[in-house]
Amino acid sequence: MSFVVVQNLSKSFNDTKVFSNINFTIEQGEFITLLGPSGCGKSTLLRCIAGLNSVEDGHIMVAGEDITNLPPQKRGIGMVFQSYALFPNMTAYDNIAFGLKIKKTPQTEIDKAVREAIDLVELNGREDHFIDELSGGQRQRVALARALVVRPRILFLDEPLSALDAKIRKRLRYLIRQIQKELNLTTIFVTHDQEEAMVMSDRIFLMNKGAIIQSGAPAEIYEHPVDEFAAGFIGSYNILPADFAQKYFHFDGKYKCAVRPESIYIGKPQEAVPGLVGPLPATIKFVQLLGSVLRCTTEVAGTEITVDSLNLQTSTLKDGQQVELYFTPSELQALNS
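Residues numbered from 1 in each chain as written. Predicted model: local features only at pLDDT ≥ 70, side-chain atom pairs only at ≥ 80, totals over all residues. Heavy atoms only, no water.

**Quick notes on the state of the cysteines**
In this structure the tally under the stated criterion is 0 disulfides. Unpaired in this structure, C48 has its nearest cysteine sulfur neighbour in C40, at a distance of 13 Å. Counting only cysteine sulfurs, C257 is the nearest neighbor of C296, a cysteine outside any disulfide, at a range of 19 Å. Judged by relative accessible area, which is 1%, C296 ranks as buried. (Disulfide = S-S within 2.5 Å. Buried < 20%, exposed > 50% of the residue type's maximum accessible area, 1.4 Å probe, protein only.)

Put into structure tokens, the structure is as follows:
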């Protein structure tokens, strides 16, 4: 049996159905991300598994034990929230030690466990600081250490990085993944950030309107979206109308076309790419510099198409420029219209 098994889980608030008949399994040591837009039910699902919200139907199994009706403190789950939920009148050390003190753990064991947690989250030298003396990133490390110090069976992370700036967020997501692998800790992470999900996850559960519409490894989700929502949400795909796909790519008239921006060429590539479709005459409407990538919004016969290219290769592209687009046939994916 898988380490975590969720069967036919359903949840409503009054007359509003959040999700119904949710089913999935998680193996021990996996890092799973619940990814989706705001309001899709991902945080509520996490809170139901943690025991912070009740469920109407279904079962939650962990290591063969039915925990559906257990109180949160009996489930062996550590949880980190977006809001940190730290005690401002306590030092970082005392915040981390709080759960162990509640369990009446001997002080010598508390000292050892807290020191190990502080080392894990790289907070050495900050343990005697009060919470308002710490930066946002340091506070989040305290929250993470507090969840880890009790040695949970599962770690839950509910959008813990969304309030941090980009540089700290990238450092912390690397640290979290490093710790998770080191401890072989089964982890469920909630985010609406596609990049976080792609770089951190073993598998992604993509949610929309209270349902898991696709699950798989990040590369699988990114390269093979199951429908228009998945294509639009996970990878900035161009979703081209069915009549456009039929005219230029010879699709069946009932299918739209999904194509990734980085798989389209502005001008014929110098390297050999078999069977390119094109050229399609296009006008560059807008150019955005995204660091190493140049993102061009182009227009072909009234249809906008976004193209991503390496900046060094395309730095001469300008608004209003007439260009030709080429498409790789294997990257043109049919979607139900």
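Next comes the rest of the description.
**Re the environment of I26**
Residue placement: I26 occurs in strand β2 (residues 16-26). Residue class for I26 comes out buried when judged on its relative accessible area of 0%. Considering only alpha carbons, one finds I26 and R203, 177 residues apart in sequence, at a separation of 9.3 Å. (Helix = DSSP H or I, 4+ residues; strand = E, 2+ residues; numbered from the N terminus.)

**A short note on the UniProt feature "domain: ABC transporter" (unreviewed entry) in the protein**
UniProt feature "domain: ABC transporter" (unreviewed entry): in the numbering of this structure it lies at residues 4-234. Here residues 4-234 is 37% helix and 27% strand, with 25 Å between the C-alpha atoms at its ends. (UniProt positions renumbered as here; feature names shortened; annotations may be inferred.)

**Let's talk about the nonpolar core**
Ranked by size, the top nonpolar core spans 37 residues in total, and within it I96, V114, V142, L144, L148, L155 and L157 carry the most contacts. Residue assignment for this core shows that the elements contributing at least two residues are α2 (92-102), α3 (107-120), α4 (136-148), β7 (154-158) and α5 (166-183). Those residues in contact with L155 that sit more than four places away from it in its chain are G78, V80, L144, A147, L148, L185, T186, T187 and I188. (Core = buried A, V, L, I, M, F, W, Y, C linked by side-chain atoms within 4.5 Å. Contact = heavy atoms within 4.5 Å.)

**Digging into the sheet that holds β2**
One key point about sheets: their strands pair by backbone hydrogen bonds, in either a parallel or an antiparallel sense. Taking strand neighbours across the sheet as the criterion, the 4 strands line up as β2-β1-β4-β5 in an open arrangement whose pairing is antiparallel. Lying at the two open borders of the sheet, with one neighbouring strand each, are β2 and β5 (65-66). Along the sheet face, helix α1 (residues 42-50) touches β1 (4-13), β2 and β4 (57-62) and points at about 65 degrees away from the line of β2. (Pairing = 2+ DSSP bridges. Axes fitted to C-alpha atoms, helices over the stretch in contact; angles between N-to-C directions.)

**Re the packing of aromatic side chains**
Geometrically, a pair of aromatic rings is defined through the distance of the ring centres and the angle of the planes. Enumeration according to the criterion identifies 9 aromatic pairs in this entry. Centre to centre, the rings of F244 and F249 are 6.0 Å apart; their planes meet at 70 degrees, and the pair counts as edge-to-face. For the pair F244 and F249, one class covers both residues: buried. Between the aromatic rings of F249 and F327, the centroid separation amounts to 5.0 Å while the plane-to-plane angle is 65 degrees, which identifies the pairing as edge-to-face. Linking F249 in helix α9 (residues 242-249) with F327 in strand β17 (residues 322-327), this pair joins segments that are 78 residues apart in sequence. Chaining the aromatic ring pairs together yields one cluster made of F244, Y248, F249, F251 and F327. (Phe/Tyr/Trp six-rings, centres within 6.5 Å; stacked < 30°, edge-to-face > 60°.)

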